[in-house]
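# Structural overview
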Amino acid sequence: MNAWSAEEFEARLRSIGEKRYHHLHPFNERMHSGSLTEEEFRGWVRNRFYYQMNLPVKDAFILTKLPGSADRRRWIQRIIDHDGREGTEGGIEKWVRLGEAVGLSREELFDVDTVLPGVRFAVDAYVDFCRRKPWLESVASALTELFAPDLLSRRITDVRQHYPWIAEEGLEYFRARLTQQPKDIAHLLELVLENAKSREQQDACARALEFKCDVLWCLLDAVQFAYGKGS
């Protein structure tokens, strides 16, 4: 079977997000319609933090496998964006501020023993995927970022409108990602489209992206089951 052209392959990848990205999840739809209770929103922030704190871990696994120094220099910025540098605040710390804005303490957020089992299982599976799989598939799994900017913009607007009890400084994580993600997305697409040359490689990348969509969906399934009032 012939490989897709780069344009066809990118369209295929984008179509996966249109059908499977977690913006379609009922919990997420309720969040953006303003239907979540404070307990539900707090439960999402608390459990999503386990995913956030593991992002630099999975990126470190990918970093060790990238074949070229130029790509490694670009990829390492993703780790810095989340972990920060000495004296500067990264995405993890910004998410802590979101947690504090919804009434969670730093100790609660970093207490991994209180993470929902379903969330832990999904996130750990994603980190393990990036540890075990070839670098190209691991990178492709991160292409969910293709679908995130519009959702982030909506989240800022909708949280301001529907959840005025959340302090404005709690939204800094989402604002920062709006400026960080374009360069991340460009690098992801460059790596996948230029290196997935065979149909076999393209199919493997598509499956990796589907898997990542499932991870994010399962995370929300677990939160909805534990906290959801509208499920």
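That block above? That's the structure.
Everything quoted here is computed from the prediction, not taken from an experiment.

With that out of the way, let us pick up the environment of glycine 91. On the secondary structure map, glycine 91 appears in helix 5 (residues 91-101). Taking the C-alpha atoms as reference, glycine 91 lies 24 Å from alanine 208; in sequence the two are 117 residues apart. Excluding residues that lie within four positions of it along the chain, glycine 91 makes contacts with Asp81, His82 and Tyr173.

Glancing now at the nonpolar core. One finds Phe41, Trp44, Val119, Val139, Leu143, Phe174 and Val192 to be the most contacted residues of the largest nonpolar core, which totals 72 residues. By residue number, the principal contributor to this core is helix 11 (residues 199-227), which donates 12 residues. Other than its neighbours up to four places away in sequence, leucine 143 contacts Leu13, Leu188, Leu189, Val192 and Leu209.

So, on to the side chain of glutamine 202. Here glutamine 202 lies in helix 11. The residues contacting glutamine 202, other than those within four sequence positions of it, are Ala3, Trp4, Phe9, Arg12, Ala196 and Lys197.

With that out of the way, let us pick up helix 4 (residues 69-83). For helix 4, spanning 15 residues, the distance from its first C-alpha to its last is 21 Å, which sits close to the expected 21 Å at 1.5 Å a residue. Turning to helix 4, the residues buried within the fold contact helix 3 (38-63), helix 5, helix 8 (135-141) and helix 10 (172-195).

Okay, the pattern of salt bridges next. Under the defined criterion, the tally for this structure stands at 24 salt bridges. The partner of aspartate 59 in a salt bridge is lysine 58, with the nearest N and O atoms 2.8 Å apart. For the pair aspartate 59 and lysine 58, a shared accessibility class is recorded, and that class is buried. With its nearest N and O atoms 3.5 Å apart, the salt bridge here joins arginine 78 to aspartate 59. Of this pair, arginine 78 sits in helix 4 while aspartate 59 sits in helix 3, placing them 19 residues apart in sequence. With respect to class, arginine 78 is no different from aspartate 59; both count as buried. Beyond isolated ion pairs, a larger network of salt bridges with shared partners links Lys58, Asp59, Arg78, Glu145, Arg177 and Asp184.

What counts, and at which threshold
- Residues numbered from 1 in each chain as written.
- Predicted model: local features only at pLDDT ≥ 70, side-chain atom pairs only at ≥ 80, totals over all residues.
- Heavy atoms only, no water.
- Helix = DSSP H or I, 4+ residues; strand = E, 2+ residues; numbered from the N terminus.
- Contact = heavy atoms within 4.5 Å.
- Core = buried A, V, L, I, M, F, W, Y, C linked by side-chain atoms within 4.5 Å.
- Buried < 20%, exposed > 50% of the residue type's maximum accessible area, 1.4 Å probe, protein only.
- Expected span 1.5 Å × (residues − 1).
- Salt bridge = Lys/Arg side-chain N within 4 Å of Asp/Glu carboxyl O.

Everything listed here is a matter of geometry and, on its own, says nothing about what the molecule does.
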